[in-house]
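Secondary and tertiary structure notes
Below are the chains, spelled out letter by letter.
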Amino acid sequence: MIGKCRRDRILALKCPMSGMIFYAIFGFLSSGGGVMRLDDKVTVHCTDTEKDIPGTVLRIRGKFVDVAVGDLILHLSQTKPGIWVGSQAGMEFVVKAAHNR
């Protein structure tokens with residue numbers, strides 16, 4: 001590891017064999033309409049039952065986010081800035097970033 005930058009969000013790693021430097025951006029997803037970070041508490045809305053349930057952000061991979069709702073993990077993809085949508089068991093779930101609520 002070479003070092004960390006700005007709020008520990010960018011990590012520089014140097015490969016010992018090739019000497020190449022890789023940069024990893026982790027810990028948050030900026031959507032233009034809001035920001036989602038690891039371990040954020042979010043409200044998951046089920047469009048089929050019109051119920052809201054609390055969830056926790058587990059993983060962020062590009063435009064994809066995994067949110068834990070109890071023992072269930074929802075895999076959501078960003079459809080618009082600040083809005084992530086996914087389906088599980090035939091139901092649709094939506095999460096909005098804090099700025100879009």
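In short, a report on the structure.

Analysis parameters
Residues numbered from 1 in each chain as written. Predicted model: local features only at pLDDT ≥ 70, side-chain atom pairs only at ≥ 80, totals over all residues. Heavy atoms only, no water. Pairing = 2+ DSSP bridges. Helix = DSSP H or I, 4+ residues; strand = E, 2+ residues; numbered from the N terminus. Axes fitted to C-alpha atoms, helices over the stretch in contact; angles between N-to-C directions. Salt bridge = Lys/Arg side-chain N within 4 Å of Asp/Glu carboxyl O. Buried < 20%, exposed > 50% of the residue type's maximum accessible area, 1.4 Å probe, protein only.

1. Side note on the sheet that holds strand β9 (residues 72–80)
Sheet architecture is closed into a barrel: 6 strands sit in the order β6-β7-β8-β9-β10-β11, paired in antiparallel fashion. Strand after strand, the sheet turns through a mean of 40° between neighbouring axes, direction not considered. As judged from the 5 bridges shared by strand β7 (residues 51–61) and strand β8 (residues 64–69), these two strands associate in the antiparallel manner. Within β8, the residue paired with Arg61 across the bridge is Phe64.

2. Considerations on the pattern of salt bridges
One pass over the structure, following the stated rule, counts 2 salt bridges. Here Arg59 and Asp66 are joined by a salt bridge, their closest N and O atoms 2.7 Å apart. Taking the relative accessible area as the measure of exposure, Asp66 reaches 2% and is therefore buried. The residue Asp66 makes a salt bridge to Arg61 at a minimum N-O spacing of 2.9 Å. Arg61 gets classed as partly exposed once you look at its relative accessible area, which sits at 41%. Through salt bridges with shared partners, a single ionic network connects Arg59, Arg61 and Asp66.

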